[in-house]
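Each chain, written out:
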Amino acid sequence: MAKAKTWIEPHSSGIYVKPADLWIDPSRPVERAAVTHGHADHARSGHGSVFATPETLAIMALRYGVDVEASHNQAFEYGDGFERGGVRFSFHPAGHVLGSAQILMEYQGERIVVTGDYKRRSDPTCAPFEVVPCDIFVTEATFGLPVFRHPPTGDEIAKLIGAVRAEPDRSVLVGAYALGKAQRVIAELRGAGWHAPIYIHGALEKMCQLYAVHGVDLGELRLVSETDKTEMAGQIVLAPPSALNDRWSRRLPDPVTAMASGWMRVRQRARQRMVELPLVISDHADWDELTTTISEVNPKESWITHGSEDGLLRWCELHQRKARALHLVGRDLEEEA
Ligand SMILES: [Zn+2]
Ligand SMILES: [Zn+2]
């Protein structure tokens, strides 16, 4: 049995690292927190000290009022880290959103990696996932069922551009989460040659600015609130998903409703949200990415959390890989898939 079970404890409120008296992604305020990335099911306000990448700290400052300048909060570039209570912590790219990191812990010759959320396919807005060899791999499993296979991102972006061109009198309104997905859709559009201004809901403005400050070029963005309705015909508009079927969308010329999410793979979900143009673009690993990653990392044991744990657990068993499901409760999967 791995001795990890003596120094690291999965709790419903996060992962506790005993010798360091530190929590990873705690959902309640604690004395010391190492945070994988800025989404609300991993990051929050109220911790004594926060250890994270500079981008994640900046995101936490913007969203949760964390004081980046305070000396008790510390930023670490990818590859860097700190030591506490004999545990060496370091941050490694997770490929999920800007600043997202896997956290590697080394203690008495044993290596544990906590992935936070991750994906394997390319994303112009963040550093690519790095395979970090370890004894215990704590992996997310948001899309841990074989039914979840995300199509190539380029195909979905081409679908979006095709839809705008097909209806020059209408706008296409894309629902995209404010942290990560919105900026990725914009950057992917730019990469596909869409150079026209992209119109955004006010709720996306600050995060887009933060990405730009960190070197992610999003091209020209215009606020819907400062634009004439007619100007947005034949154009792409982005808004948080909550605005899709809201009064707000009346500002747009007869919008075609689209949504960018891994859940759009499930037709019923698209129908529930009255989405005409589902775009399967996800910031989480799909089934193949999850299983490939476990094979590549090749840990002695995988701990599965955050999603369809049983599907991935079954796969591990079938492939003679030691694994356990953590069944942490209280984690919201819908937020940012
Ligand atoms: Zn996330
Ligand atoms: Zn998450």
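See the structure above.
This text gives an overview of the structure that appears in the document. On a predicted model such as this, the values are computed, not experimentally measured, just so you know.

A few words now on the nonpolar core. One recurring pattern in soluble globular proteins is that nonpolar side chains are buried together. If you look at the biggest cluster of nonpolar residues, it comprises 38 residues, and the most contacted ones within it are Leu160, Val172, Val174, Leu189, Tyr211 and Leu238. Every residue in contact with Val174, bar those within four places of it in the chain, is listed here: Leu160, Ile236, Val237, Leu238, Ala239, Leu244, Ala258, Ala260 and Leu279. By size, the runner-up hydrophobic cluster in this structure holds 24 residues, among which are Ala20, Ile24, Ala101 and Ile112.

So, about the packing of helix α6 (residues 287-297) against helix α7 (residues 309-318). The contact between α6 and α7 brings their axes to 11 Å, and the two run at 45°. When the axes of α6 and α7 are compared, the pair comes out oblique. Handedness of the α6/α7 crossing: right-handed. Together, Trp287, Leu290, Thr291, Ile294 and Ser295 of α6 and Gly311, Leu312, Trp315 and Cys316 of α7 make up the contact between the two elements. Among the residues forming the contact of α6 with α7, the class breakdown is six nonpolar, three polar and no charged.

This part takes up the state of the cysteines. Scanning all chains against the criterion turns up zero disulfides. With no disulfide partner, Cys126 has as its closest neighbouring cysteine sulfur the one in Cys208, 15 Å distant. Cys316 provides the cysteine sulfur closest to Cys134, a residue in no disulfide bond, and the two sulfurs are 12 Å apart. Look at Cys134 and you get buried, because its relative accessible area is 9%.

Analysis parameters
- Residues numbered from 1 in each chain as written.
- Chains lettered and ligands numbered in written order.
- Predicted model: local features only at pLDDT ≥ 70, side-chain atom pairs only at ≥ 80, totals over all residues.
- Heavy atoms only, no water.
- Core = buried A, V, L, I, M, F, W, Y, C linked by side-chain atoms within 4.5 Å.
- Buried < 20%, exposed > 50% of the residue type's maximum accessible area, 1.4 Å probe, protein only.
- Contact = heavy atoms within 4.5 Å.
- Axes fitted to C-alpha atoms, helices over the stretch in contact; angles between N-to-C directions.
- Helix = DSSP H or I, 4+ residues; strand = E, 2+ residues; numbered from the N terminus.
- Parallel < 35°, antiparallel > 145°, perpendicular 65-115°, else oblique.
- Left-handed = near helix turned anticlockwise from the far one by under 90°.
- Nonpolar A, V, L, I, M, F, W, Y, C, P; charged D, E, K, R; others polar.
- Disulfide = S-S within 2.5 Å.

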